[in-house]
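The primary structure of each chain is shown beneath.
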Amino acid sequence: MQRAAARVLRGARTPPARTRSATARAPPPRGLLYERHGEPAAVVQLKDLEVAELRDSDVHVKMLAAPINPADINMIQGTYAILSPLPAVGGNEGVGEVLEVGRRVTALKPGDWVIPAAAGVGDSVIQNAANSGVGQAVIQIAKASGIKTINVVRDRPDLPKLVERLMALGADHVITEEMLRKPEMKDIFKSIPKPRLALNCVGGKSTTEMLRHLQPKGTMVTYGGMAKQPVMVPVSTFIFRDVRLRGFWMTQWKKDHAQDQESLTSMMDALCQLIRRGQLTAPACTEVPLQDYKAALEATMKPFASSKQILLF
Ligand SMILES: NC(=O)c1ccc[n+]([C@@H]2O[C@H](COP(=O)([O-])OP(=O)(O)OC[C@H]3O[C@@H](n4cnc5c(N)ncnc54)[C@H](OP(=O)(O)O)[C@@H]3O)[C@@H](O)[C@H]2O)c1
């Protein structure tokens, strides 16, 4: 069972000189994969893993040994409280050897032995106004980080077109605000874990419904209030699920980090890297000559616009 390590190995490229001679003759990395839930012996298969590029903060680990625990069996059967996105590699524990580290990794070096710090399930994020400029960036950054996204948008006449556009950006699920209440939401969480993070820029009913799907002890960050409605939280959400609510304002974050330019610079560097790799693109834009500013202002305030108005000077 090599689930946790396989997530890392998926990024494996050429091993460093120290291990190259040993691994050059070795077969490609393999993992015990399952594409659907069921009886482990029937659904688990030994398969070659997809190999991707080592990024600056990545560590490539070759698993040396891993136990099969009851929780692993239940995850494969689909009966455990948290489930990995499918297809998945089974297992959560074990010991591995570091093969290669990214440019920014200083705490580990090739040859070190490591164990998974936490159970190796993928995370997920739920967000509303997912077609906003911010929402589209969230979809792309999450995709590049291996995090699944559940994206809530308002219903509209051309919904299939919008869904297709967000899926092409890397969204895993696109749903309407109305669907948040439907029993079919359970189907989504058969293949991806319930989110630990909700991003809210709407408020009102959409936000209350979105909160239902957050994991216990999950966090909702409110960064906007497009519906101009307060955030309503059922008392049971606090008492029985201990959900945490936070706010975020970029202006304040910059003030708080004014003495710590390193944080801002490294965030910008990480975003620029994604842009250069083509993993983060700007939202659709409409260029407007400055003198047509009134039309641009009106267009910005219309619903379902899906395009940023850019004034050209
Ligand atoms: N806290 C911060 O530091 C920070 C920084 C930047 C942005 N923001 C906030 O982030 C949010 C998105 O900004 P943006 O520049 O990315 O926006 P944007 O691209 O102009 O998109 C606006 C979004 O709001 C949705 N919307 C408008 N009215 C709505 C309503 N009544 N109910 C539900 N959704 C509604 C639109 O959906 P439709 O397509 O359905 O109309 C669209 O998805 C805004 O609330 C903005 O104030 C916060």
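Look a little higher up for the structure.
Residues numbered from 1 in each chain as written. Predicted model: local features only at pLDDT ≥ 70, side-chain atom pairs only at ≥ 80, totals over all residues. Heavy atoms only, no water.

Chemist: Mind laying out the overall build of the protein chain, listing which residues take part and the relevant values?
Modeler: A tally of regular secondary structure across the protein chain gives twelve helices and 14 strands. Here the protein chain holds 313 residues, and 36% of them are scored as buried. Contacts in the protein chain between residues far apart in sequence, at least 24 positions, make up 64% of those at least 6 positions apart. Accessible area of the protein chain: about 18,200 Å², with a carbon and sulfur share of 58%. (Helix = DSSP H or I, 4+ residues; strand = E, 2+ residues; numbered from the N terminus. Buried < 20%, exposed > 50% of the residue type's maximum accessible area, 1.4 Å probe, protein only. Contact = heavy atoms within 4.5 Å. Areas by Shrake-Rupley, 256 points an atom, 1.4 Å probe, with all protein chains shown as cover.)

Chemist: Explain the site of the ligand to me, using residue names and the numbers behind them.
Modeler: Contacts to the ligand come from 20 residues, most closely from Asn131, Gly133, Val134, Met250 and Lys308. Between the ligand and the protein, one listed contact pairs an oxygen atom with a side-chain N or O atom of Arg154 at 2.9 Å. The side chain of Arg156 places a nitrogen or oxygen atom 2.8 Å from an oxygen atom of the ligand. In isolation the ligand offers 920 Å² of accessible surface; the protein chains occlude 72% of this area. When each cavity is represented as a set of grid points, the ligand is found to reside in the second largest pocket. Looking at the shell around the ligand residue by residue, the classes come out as twelve nonpolar, four polar and four charged. In this structure, the shell around the ligand is formed jointly by two domains, domain 2 (124–248) and domain 3 (283–312), each of which donates at least three residues. (Near = heavy atom within 4 Å. Polar contact = N/O pair within 3.5 Å; in protein donor to acceptor, adjacent residues only side chain to side chain. 1 Å grid on protein atoms, 1.4 Å probe; cavity = no way out; pocket = protein on both sides within 12 Å on 5 of 7 lines; lining within 4 Å. Sits in = over half its atoms within 2 Å of the grid points. Nonpolar A, V, L, I, M, F, W, Y, C, P; charged D, E, K, R; others polar. Domains from an automatic or database assignment.)

Chemist: Give me the sheet that holds strand 7 (residues 124–127): which residues, what numbers.
Modeler: In space, the six strands of this open sheet follow the order 9-8-7-10-11-12, with parallel pairing throughout. Edge positions in the sheet fall to strand 9 (173–176) and strand 12 (244–247), since each of these pairs with one other strand and no more. Each adjacent strand pair in this sheet contributes to an overall mean axis angle of 20°, direction not counted. The sheet contact formed by strand 8 (residues 148–153) and strand 9 spans four bridges and is parallel. For Val153, the partnering residue across the bridge sits in strand 9 and is Thr176. Against the sheet, helix 5 (residues 133–144) contacts strand 7, strand 8 and strand 10 (197–200), and its axis sits at roughly 165° relative to strand 8. Contacts between helix 8 (residues 204–211) and the sheet are confined to strand 7, strand 10, strand 11 (219–222) and strand 12, with strand 10 contributing the most and set at about 175° to the helix. (Pairing = 2+ DSSP bridges. Axes fitted to C-alpha atoms, helices over the stretch in contact; angles between N-to-C directions.)

Chemist: Outline the layout of surface pockets, supporting the account with residue identities and numerical values.
Modeler: Quantified by volume, the second largest pocket comes out at close to 1,100 Å³. Ala129, Asn131, Ser132, Arg154 and Met226 are, among the 37 residues lining the second largest pocket, the residues nearest its centre. Contributions of two or more residues to the lining of the second largest pocket are made by helix 5, helix 8, helix 12 (293–301) and strand 14 (308–312). No other element matches helix 8, which puts four residues into the lining of the second largest pocket. Both domains that meet at the lining of the second largest pocket, namely domain 2 (124–248) and domain 3 (283–312), each give it at least three residues. (Points joined across faces, edges and corners; volume = space filled by probe spheres on them.)

Chemist: Describe the packing of helix 5 against helix 6 (residues 159–169), listing the residues and the values that go with them.
Modeler: In the contact formed by helix 5 and helix 6, the axes pass within 9 Å of each other and the chain directions differ by 40°. Regarding the angle of helix 5 to helix 6, the classification is oblique. Of the residues in helix 6, those touching helix 5 at Gln136, Ile139 and Gln140 are Arg165, Leu166 and Leu169. For the contact of helix 5 with helix 6, the class distribution of residues is three nonpolar, two polar and one charged. (Parallel < 35°, antiparallel > 145°, perpendicular 65-115°, else oblique.)

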